[in-house]
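In case you want the letters, here they are:
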Amino acid sequence: MDKSGKTIGMTIGIKLIASLLAALLLEGFLAMAGICHGTGTQGISLWPGGLKASSGYQISEKEDGSLEFIQESSDPQMYFAAAGVPYGSLRLEFAEPLKEDIPLQVYSSSGGEVYTENRYLLEGSRSAEFQIACRDYGDLRLDLDGSFFLKKVTAYPAVSWTEADLGQVISSMSLIRFLVWWILAFGAVSAPHFGALKKRGEGSRFLYLDLLRSMAACFAVAYHVLCVVMLETPAHTARWMVFAVGALIFLTCNPLFLLISGALLAGEKKESPWMFWKKRLVKTGIPLVLFYILYMAVFWAGDLSPGTLLMRGMKTIFSGSSDIAPHFWLMYALLLLYIPVPLIRKTVGRMTEKGGKLLFVLIGAVLFAASVLKSYGLGGAAWFNWILWLGIFLSGYFVTRPWMRRYDGWLFALGIVTAAVSIRIMMVRPDYEGIIFNGSILICGIAWAITAAAVRCERLLTPLSSILAFIGKHSFTVLLVHWLVLYGILLPGYIPGLIARGTAVRLAGTFGLTMAISLAAALVFDDFIFPGLQRIFSRAAS
């Protein structure tokens, strides 16, 4: 073997060893976490016998001692007597398989703060075991939004990490999970790290696109953070109105992502349809599937067989967004919009200024008509919504054309008018969410004004180019992961102290932490894991 062959062999060996150690550390951490959450400890029976109170259910006892719970209200609750010890995980057993998916909320309080943890019990399950934040729950409150036959509820005490020994950690490790981590870690160390790090500070040719990407990602996080607080605020109060104005602006996050995609993809380019679809499927489809699997691992609970669980996961992925990741609808919308892009490039991409103006006005008219139809409860068909998404996508191309700058004043005026009308609708219509939606002229008018302002301000963005390039580069992954960070880490109280310090600190702190953690996760995925996996798959294919 020549010198270059030995060098390549050593490099691969080092990568294998480094990825092996990383996988061992990660699996060891997860095994330790499982022990701390009560894996292997003696459970505490909360039912039978420990049901302290309940509301929102019609309850009847069956011959086998199980209880049949039939949901009667929109907010059913169960309280189980306190055991005086912190819990780390729960196990629910049912006398009959669940007839439907049942959303579950676990409530707890600490230091004047109320935390919520969400799980989804899968249809067909007879039992469900899942980890919860390690704390004393007092009289444990469980909300199961559905009907079921409850047989047994068991809580497992949390264990301090100082009480775990190496033997417990090793016996708790999963070989299959470890192999998955090893593959991901090997992909990460195989990624072109230095090239990725160098590109991280380079922005796109148009700074306003980096600004719009950054705004869209930040708006998505801010909107979902704000919605949590709005649900706890009495409607139509002064505070609620301030929140409503913020939510109205932040809701433009989805149209902004569509506008950015249209601006980048609708123009005429020399690229074959197959090459375009392949690139977009890899860039959008693969991250979507990987993150969907992660969401399922975190939020799903049940005892379905591996085969049934696999089929259920595939069905969920191919069916579109779901309760565990409702914001994923945008990714499916983009994937559908990619289908006609080659045709769009040969038609819309070649339009003259006059043709572009006419089509842009037509798009506005269609979005206006959609708002009117939705206000009467019409226009809910999937094909109709796809037309609205297509219109927004195409408008992104037109609103960024140089000739559109002559009409920026009209776009700014439209943004102000649609915002004012939206605020009025929010005050007088309890069903305003069905009128002020992502495909409405009310939201798109604001998004068009924001886009025009971003283009106008491009010369002022140079000092911020590196920051905007960084956030913009990872904006898509931030969109994918932020819901998991918010509902899987912050709202359950794994980082306490945000709620009790007042609304301002709660909003700013939750937004800042969600954004920071999401960006960190996006950095690891975009610059290491995903490029590494691409390299492995490309080598395997060749």
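What you see is a predicted model, and the numbers here were worked out from it, not measured in a lab.

Peer 1: Could you give me a rundown of the overall build of the protein chain, with the residues and numbers involved?
Peer 2: Counting its secondary structure elements, the protein chain contains 18 helices and 12 strands. Over its C-alpha atoms the protein chain spans a radius of gyration of 26 Å, differing by no more than 12% from the 24 Å that the globule rule assigns to 542 residues. For the protein chain, the residues scored as buried account for 47% of the 542 residues in total. Taking the contacts inside the protein chain whose residues are at least 6 apart along the sequence as the reference set, 82% of them involve residues at least 24 apart. Total accessible area on the protein chain stands at roughly 26600 Å², and carbon and sulfur atoms take up 67% of it.

Peer 1: Break down the sheet that holds strand S7 (residues 102-110) for me, with residues and values.
Peer 2: Strand pairs in the sheet, formed through backbone hydrogen bonds, run parallel or antiparallel to each other. Taken in spatial order, the six strands of this open sheet run S2-S5-S10-S7-S8-S12, and their pairing is mixed. Two strands bound the open sheet, and with one partner strand each, they are strand S2 (51-55) and strand S12 (300-301). Note that strand S8 (residues 113-121) and S12 share two bridges and pair parallel. Pairing of Tyr120 across the sheet is with Trp300, part of S12.

Peer 1: Break down the nonpolar core for me, citing the residues and quoting the values.
Peer 2: Counting residues in each nonpolar core, the largest one holds 114 residues, and the members touching the most others are Tyr292, Ile324, Phe328, Phe398 and Trp448. Per-element accounting of this core gives the leading share, 15 residues, to helix H5 (residues 207-231). Setting aside residues up to four positions removed in sequence, Phe398 forms contacts with Val348, Met351, Gly356, Leu359, Phe360, Ile363, Trp403 and Met404.

Here is what the cut-offs are and how they apply
Residues numbered from 1 in each chain as written. Predicted model: local features only at pLDDT ≥ 70, side-chain atom pairs only at ≥ 80, totals over all residues. Heavy atoms only, no water. Helix = DSSP H or I, 4+ residues; strand = E, 2+ residues; numbered from the N terminus. Rg over C-alpha atoms; globule rule 2.2 N^0.38 Å. Buried < 20%, exposed > 50% of the residue type's maximum accessible area, 1.4 Å probe, protein only. Contact = heavy atoms within 4.5 Å. Areas by Shrake-Rupley, 256 points an atom, 1.4 Å probe, with all protein chains shown as cover. Pairing = 2+ DSSP bridges. Core = buried A, V, L, I, M, F, W, Y, C linked by side-chain atoms within 4.5 Å.

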